[in-house]
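Summary of structural features
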Amino acid sequence: MAKNVGITIDGRQVLKMFNEFNGKDMKKAMHTAIAKSLNIAKKQALTELANHVEQDKITFPDQWGNTLKKGIRTKVFRSKKAGIIHIKGNFKLKFFEGGTKVRYNKTWRGKELKKNRKTGHIKQTNFFSKALQATEK
């Protein structure tokens, strides 16, 4: 038989612990809490991206050594007591988020084509905004 293990937290004890913190410990606790909450959103964004892109392409480095996984970045600002998560670490992620229009080749080897050739487009996935909405609570 498995026992139910529960955690009981008394709010008064938590407030008492916070009052015992000095300034340095308060900043450290706040920084850690912000970083952990941003990492939850980052993990959700990676999960959403994996729903739309194959897993091996997320971890495959391009010619500059960047991966799509490294492109989702978090930063905690110590002075502002805030943090940010963005997809600006890899420029390709913005195309998966917002999509692209249909593109055509008009020339080939310097000669005009009689008929434009369709070269493709990327469908809009909104993986990042979906991840932020899912982890907002």
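Heads up: the structure comes first, above all this text.
Residues numbered from 1 in each chain as written. Predicted model: local features only at pLDDT ≥ 70, side-chain atom pairs only at ≥ 80, totals over all residues. Heavy atoms only, no water.

Some remarks on the side chain of Asp62
Counting through the fold element by element, Asp62 comes out in the loop between α3 (55-59) and α4 (68-71). Its relative accessible area of 17% is what places Asp62 among the buried residues. Of the polar contacts made by the side chain of Asp62, one reaches the backbone nitrogen of Asn66; its length is 2.9 Å. Other than its neighbours up to four places away in sequence, Asp62 contacts Asn90 and Lys92. (Helix = DSSP H or I, 4+ residues; strand = E, 2+ residues; numbered from the N terminus. Buried < 20%, exposed > 50% of the residue type's maximum accessible area, 1.4 Å probe, protein only. Polar contact = N/O pair within 3.5 Å; in protein donor to acceptor, adjacent residues only side chain to side chain. Contact = heavy atoms within 4.5 Å.)

Some words on helix α2 (residues 23-52)
When the terminal C-alpha atoms of α2 are compared, their 44 Å separation across 30 residues agrees well with the 44 Å that a helix rising 1.5 Å per residue should span. Regarding α2, the residues found buried are Ile34, Leu38, Ala41, Ala45, Leu46, Glu48 and Leu49. Its buried side turned inward, α2 meets α3, α4, β1 (73-77), β2 (82-86), α5 (93-98) and α6 (127-134). (Expected span 1.5 Å × (residues − 1).)

Examining the pairing of β1
Bridge analysis of β1 against β2 gives five bridges, and the strand direction is antiparallel. When the bridges of β2 are listed, Lys75 appears paired with Ile84. Where β1 folds back on β2, the antiparallel hairpin that results is connected by four residues, among which Lys81 adopts a positive phi of roughly 55 degrees. (Pairing = 2+ DSSP bridges.)

Structural notes on the nonpolar core
With 17 residues, the main nonpolar core has Leu49, Ile72, Ile85, Ile87, Leu93, Phe127 and Phe128 as its most contacted residues. Contributions of two or more residues to this core are made by α2 and α6. The biggest single contributor to this core is α2, with six residues. For Ile87, the residues in contact, after removing those within four places along its chain, are Gly71, Ile72, Leu93, Lys94, Glu97, Phe127 and Phe128. (Core = buried A, V, L, I, M, F, W, Y, C linked by side-chain atoms within 4.5 Å.)

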